[in-house]
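One letter stands for each residue in the lines below.
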There are 2 protein chains.
Amino acid sequence: MTDIFEIPQPDKDLLDKAKQVRSASIQISNTKNQTRIKALNLMADYLKKNSNQILEANREDYLKAEKKGISNALLSRLKLSKEKLNSGIEGVRKVGDLSDPVDQVQIRKELSKGLILERKTVPIGVLGVIFESRPDAVMQISSLAIRSGNGVILKGGSEANFTNIAIVSSLKEGLQKSGLDQNSICLLTSRRDSMAMLNLDKYINLIIPRGSNELVKFIQENTEIPVLGHADGICHLYIDNDVNMEMALSVALDSKIQYPAACNAIETLLIHKDIAQDFLKRAIPLFNSNDVKLVGDKKSVELGVKFEAGYEDWQTEYLDLILSIKIVEDLDEAIAHVQKFSSKHTDAIITENLVNADKFMNEIDSAGVFHNCSTRFADGFRYGFGAEVGISTQTLPPRGPVGLEGLVTYKYFLKGQGNIVDDFSSGKAIYTHKDF
Amino acid sequence: MTDIFEIPQPDKDLLDKAKQVRSASIQISNTKNQTRIKALNLMADYLKKNSNQILEANREDYLKAEKKGISNALLSRLKLSKEKLNSGIEGVRKVGDLSDPVDQVQIRKELSKGLILERKTVPIGVLGVIFESRPDAVMQISSLAIRSGNGVILKGGSEANFTNIAIVSSLKEGLQKSGLDQNSICLLTSRRDSMAMLNLDKYINLIIPRGSNELVKFIQENTEIPVLGHADGICHLYIDNDVNMEMALSVALDSKIQYPAACNAIETLLIHKDIAQDFLKRAIPLFNSNDVKLVGDKKSVELGVKFEAGYEDWQTEYLDLILSIKIVEDLDEAIAHVQKFSSKHTDAIITENLVNADKFMNEIDSAGVFHNCSTRFADGFRYGFGAEVGISTQTLPPRGPVGLEGLVTYKYFLKGQGNIVDDFSSGKAIYTHKDF
């Protein structure tokens, strides 16, 4: 994908829009918690009030897409039923219930007499969000952005243009009614603009891509703006030699089939050689009866796995009912395999041996390291964050499932009484560094 | 600079070294606080023991550099006196006294019965540090890396090669004596390797450049590895109309002359028009007597500033005894100027008006926003962090002066008893989301 597109420079129209969002973002970054909650409720009210228009716009998009012959999977993601819309609207209100991520004091201390340092959370500024199809994402992303005091530039899939326009227009009505600048939310509709966004590094502080691995990868490689997200999700489950067999089977099955298209589903199962025969004897029929295609290394094929795996299997995110299986000599080989092939999303071990569990969890450098539970728990809602912005597989924070916390940064506020550094060099003043 | 060099691919030798550091970093990431403190003390002991060799190596570097005719400024940075070495060695021990940044529990909660989530700080992995001249940086950076459980690949200025080799060899002796893998620290000495480092994104998690703006900018533009640092430091001081005149003069002078080559010194002074005449009447002679060259907009030239500023002055980091001056209509114009030209390092306001102070501090999106004190306080030691890795002007954390905290990230640890997600879909299990 990387070589096909050239990233266009933003034209005047896009620059003007970006400047408006930037300016609105400064206003919203200085609003009180209650103002932002009120705005979210009004945004929800206007979505409710304009429900019929939104559903009508969605019908238009749907018919157009159907005529074009897009895939059923895409059509079903595009379709906005009344129930889906209502639950989206409820989602907007719920984001209002989450605790305020802004203006939280992280550090407060006296550096010297009369010189007080505070570090407080502040909004990031302007978010650039690029997503495919799903029109419900517009409501979710916009409400998270407003909740955290950020401006947002949105670009959805063009097949949902009418729906997205109708939704954003309602959101803007709500924003305006609450006294906030409606330019805090901006929708782009052309493909050219969505590419040119990647060059708006003066105006956009963080890009959040929501879509296919190719989309995320392409964006990561083509912008200097920080990107929150993950491309591949190659998760592993290792079955150690000392396990509760029922647990191992149940967790392995859940980690693969509960929702195979999710990034937190496993792609590779590693099995300790001492338990491989017993485990596979029961696991193969279990996976078979759940339509999971198994591909394995030589040893596992000898134990009944039907297809032999090639090297590329260890680096493939199937996102499907396919599972690669490898039999390992010991814990160390399992760790080495994960270190080599993991995309640092989530990797898990099943074992009754706590020393082995600790070793695995400490030596695997992934955002999530799990013991005796399904990798499918790697998710912002399941972690109790209330809302999820995305999952980051970068090493630096924010890492793993990211909630509202990922949409704020911090700033140092230093208040003095005329304090100068020269007084400390000359010995007239001294640092006290007292925490409050 | 960007167009001159091509980034070479790492050769086999460099890849082998990188793999060794990576592997050592996994070992050190799992060491206890006391082990790392012990290692630091042993590193200091061996530096002490080998002091004569280190000073001898430095004399060799110095003579060679002198012959080559390098600048006096560079020579003086290269020179390692016995006192400088001793204070470097003390610095290594002091880093041991800082509180452990690793293994700190940030989140601990029950997701459901028997399913416990913890978020703990962990080392980042492998740091890549590129710095110029100063051999004392090797001791400082290595001790910060080891303290935070990271491996480190160092590349210093080639003019300090003998010194750096002698220092690193002592540090490795200390590491080994403490039982840690000496490969946790690796020194590169060729220019080719230091460039090829930028392509080691599989092995290096964070690049920390310490040197000129050009070096930092070049690195930021030529690697996909996250970079901690800042290129320009264009800091502003705004003198509002309602000020304590003595304070305004004293803070303006300190912010400029206390150490003009520092990134936290101001480059531009903004003055409210109502106070400009009174302020400049006293400020011009004060700056003149301190050899500060003033360049100003038309209005300030009318009030006695000698040289007229061009547009490029507002975007220049002089790093010298030069100060640009602009007279503004009001607070809003001052804020707009800072928003346009600030490099988001540190910007300050002098005012007795608390509403104006708050507005300035909230609307300026810089890592540090100061009120009634010198911009020169923007520094990890002055903030009380004990040690400074660097100052980041990025919007996302770590931001501003970065201490040991910037050398760790976090990881989610989830421990269960066989928990699977399907039980929650089917209603057999429920989320409790209880914080401990």
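Residues numbered from 1 in each chain as written. Chains lettered and ligands numbered in written order. Predicted model: local features only at pLDDT ≥ 70, side-chain atom pairs only at ≥ 80, totals over all residues.

## Things to note about the overall build of chain A
Here is step 1: In terms of regular secondary structure, chain A is built from 15 helices and 17 strands.
Here is step 2: Viewed in the frame of its principal axes, chain A has a C-alpha envelope of about 75 × 75 × 40 Å.
Here is step 3: Within the span of chain A, comprising 436 residues, buried residues form 53% of the whole.
Here is step 4: Pairs at least 24 residues apart make up 72% of the contacts formed inside chain A by residues separated by at least 6 positions. (Helix = DSSP H or I, 4+ residues; strand = E, 2+ residues; numbered from the N terminus. Buried ≥ 20, exposed ≤ 12 C-beta atoms within 10 Å, placed from the backbone. Contact = placed C-beta atoms within 7 Å.)

## Topic: the packing of helix α10 (residues 245-257) of chain B against helix α11 (residues 273-289) of chain B
Residues and elements named next belong to chain B.
Here is step 1: Between α10 and α11, whose axes approach to 11 Å, the crossing angle comes to 40°. Here α10 lies oblique to α11, going by the angle between them. Considering only the axes of α10 and α11, their crossing is right-handed. Along its contact with α10, which presents Met245, Ala248, Leu249, Ala252 and Leu253, the element α11 presents Asp278, Phe279, Arg282, Ala283 and Leu286. (Axes fitted to C-alpha atoms, helices over the stretch in contact; angles between N-to-C directions. Parallel < 35°, antiparallel > 145°, perpendicular 65-115°, else oblique. Left-handed = near helix turned anticlockwise from the far one by under 90°.)

## Thoughts on helix α6 (residues 136-147) of chain B
Residue and element names in this part refer to chain B.
Here is step 1: For α6, which comprises 12 residues, the first-to-last C-alpha distance of 17 Å matches the rise-based estimate of 16 Å (1.5 Å per residue) to within 8%.
Here is step 2: When you tally the buried positions in α6, you get 11 out of 12 residues, the bulk of the element.
Here is step 3: Taken from the residues just after α6, Gly149 is the one with a positive phi, measuring 75°. (Expected span 1.5 Å × (residues − 1).)

## Describing the domain arrangement of chain A
Here is step 1: Entries for chain A in the domain assignment read domain 1 (12-221) and domain 2 (235-377).
Here is step 2: Distance from the C-alpha centre of domain 1 of chain A to the C-alpha centre of domain 2 of chain A: 37 Å. (Domains from an automatic or database assignment.)

## Thoughts on the relation of the copies chain A and chain B
Here is step 1: Once turned by 180° and shifted 0.0 Å along the axis, chain A lies on chain B with an RMSD of 0.0 Å. Such values leave the two copies arranged in the relation of a two-fold axis. Relative to the rotation axis, the C-alpha of Pro397 of chain A is the closest in chain A, positioned 3.7 Å from it.
Here is step 2: Counting the interface residues of chain A, we find that 100% of their copies in chain B are interface residues as well, pointing to one common contact surface. (Least-squares fit on C-alpha atoms with pLDDT ≥ 70 in both.)

## Let's talk about the interface of chain A and chain B
Here is step 1: Taken together, the contact pairs 55 residues of chain A with 55 residues of chain B.
Here is step 2: Elements with a minimum of two residues in the side of chain A that touches chain B: β1 (105-112), β2 (115-123), α10 (245-257), α14 (354-363), β13 (368-373) and β16 (408-419) of chain A.
Here is step 3: With 11 residues, the top contributor of residues to the side of chain A that touches chain B is β16 of chain A.
Here is step 4: Taken together, the residues of the side of chain A that touches chain B break down into 25 nonpolar, 20 polar and 10 charged.
Here is step 5: Sheet topology places β16 of chain A next to strand β13 (residues 368-373) of chain B; five bridges connect them, and they run parallel. From the neighbouring strand, Asn419 of chain A faces β13 of chain B, where its bridge partner is Cys373 of chain B. (Nonpolar A, V, L, I, M, F, W, Y, C, P; charged D, E, K, R; others polar. Pairing = 2+ DSSP bridges.)

## Describing the environment of Leu144 of chain A
Residue and element names in this part refer to chain A.
Here is step 1: Looking at where Leu144 falls in the secondary structure, it is placed in helix α6 (residues 136-147).
Here is step 2: For Leu144, a count of 28 C-beta atoms within 10 Å puts it in the buried group.
Here is step 3: Residues Leu144 and Ser158, spaced 14 residues apart in sequence, show a C-alpha to C-alpha distance of 22 Å.
Here is step 4: Among residues more than four places away in sequence, those in contact with Leu144 are Val95, Ala387, Val389, Leu404 and Leu407.

## Side note on the pairing of β16 of chain A
Residues and elements named next belong to chain A.
Here is step 1: A large share of β16 lies buried, amounting to 10 of its 12 residues.
Here is step 2: Note that β2 and β16 share eight bridges and pair antiparallel. Each residue of the ladder has a partner; that of Thr121, found in β16, is Tyr410.

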